[in-house]
Amino acid sequence: MAYLLLITLLFLPADRIGLRCPQLARPRYLLPFALWLLVALGTWLTVRMSVPLAVTANAIDPWLILRTTLVVGVTEEWVFRGIVFAVLARWLGLRRGAYAALAAFGCFHLMNIVIGMPVAGALAQTVLAFMSGSILLLAAIATRSLWIPMIGHGLYDFFVFDIARM
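Parameters at a glance
Residues numbered from 1 in each chain as written. Predicted model: local features only at pLDDT ≥ 70, side-chain atom pairs only at ≥ 80, totals over all residues. Heavy atoms only, no water. Bend = angle between axes of the 7 residues up to and from the residue. Helix = DSSP H or I, 4+ residues; strand = E, 2+ residues; numbered from the N terminus. Contact = heavy atoms within 4.5 Å. Axes fitted to C-alpha atoms, helices over the stretch in contact; angles between N-to-C directions. Parallel < 35°, antiparallel > 145°, perpendicular 65-115°, else oblique. Left-handed = near helix turned anticlockwise from the far one by under 90°. Nonpolar A, V, L, I, M, F, W, Y, C, P; charged D, E, K, R; others polar. Salt bridge = Lys/Arg side-chain N within 4 Å of Asp/Glu carboxyl O. Buried < 20%, exposed > 50% of the residue type's maximum accessible area, 1.4 Å probe, protein only. Core = buried A, V, L, I, M, F, W, Y, C linked by side-chain atoms within 4.5 Å.

Caption draft 1: Local environment of helix α4 (residues 62-92). The largest bend in α4 amounts to roughly 40 degrees and is located at Phe85. Following α4 by one or two positions, Gly93 has its phi on the positive side, about 95 degrees.

Caption draft 2: Quick peek at the side chain of Thr69. Residue placement: Thr69 occurs in helix α4. If we ignore the near neighbours within four places in the chain, the residues touching Thr69 are Gly154, Asp157, Phe158 and Phe161.

Caption draft 3: Region of the structure containing the packing of α4 against helix α6 (residues 119-143). Packing of α4 against α6 brings their axes to within 11 Å, and their N-to-C directions diverge by 70 degrees. Here α4 is positioned roughly perpendicular relative to α6, judged by the angle of their axes. When the axes of α4 and α6 are compared, the crossing they make is right-handed. On α6, the residues that touch Glu77, Arg81 and Phe85 of α4 are Gly133, Leu136 and Leu137. Residue classes in the contact of α4 with α6 are distributed as three nonpolar, one polar and two charged.

Caption draft 4: Main features of the pattern of salt bridges. Within the structure shown, the criterion is met by two salt bridges. One salt bridge connects Arg48 with Asp162, and the closest N-O pair in it is separated by 2.9 Å. Here Arg48 is found in helix α2 (residues 31-50), whereas its partner Asp162 is found in helix α7 (residues 147-165), with 114 residues between them in sequence. In this structure Asp162 comes out as buried when scored by relative accessible area, which is 0%.

Caption draft 5: Local environment of the environment of Val47. Positionally, Val47 belongs in helix α2. A residue is classified by how much of its surface remains accessible, and Val47, at 22% relative accessible area, is partly exposed. Leave out the neighbours within four places in its chain, and Val47 touches Ile163 and Met166.

Caption draft 6: Structural detail: the nonpolar core. Counting residues in hydrophobic clusters, the biggest one holds twelve residues: Phe33, Trp36, Leu37, Ala40, Trp44, Ile65, Leu66, Ile135, Leu136, Ala139, Phe158 and Phe159. If you tally residues by element for this core, the top one is α2, at five residues. Leu4, Leu12, Val74 and Ile83 belong to the second largest nonpolar core, which has eleven residues in total.

Caption draft 7: Geometry of the packing of α6 against α7. Closest axis-to-axis distance for the α6/α7 pair is 8 Å, and the angle between their directions is 150 degrees. With respect to α7, the element α6 is oriented roughly antiparallel. Residues Leu136, Ala139, Ala140 and Thr143 of α6 pack against Ile148, Pro149 and His153 of α7. For the contact of α6 with α7, the residue count by class is five nonpolar, two polar and no charged.

Quick look at the structure:
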């Protein structure tokens, strides 16, 4: 995060890449984001309520998972919906820049092959990251800020990782 802060301070004005207070610019663009988070929350609650407490008692602390996923959400949004999207939209135009930034975000998840994820799983995660990135980009456009997508991304990752540990 320190490196991101340095790059932002040196080369990109923070408000230009969305590091500013949210303003509701296009409310209907938030609908996919709200639905995406509600489905993730509903799934998490369903699994959480169906798993006996004894099974989750010896597992990783959920607060540790939440802290980790919030850091990941903040940094990935800062990089892909902030810096990468801002630069590519400037070079390629808004639409092509958005698609290129989304493709970069999806392909970034192919790195999971290095840590042992099967290729088919990494390819599926790439497609899902592209689609989720689209929803997060709409939320950023809707609020003219990265803060809502950052928090949403962190919560979504928490729901997914917490379900996986159960």
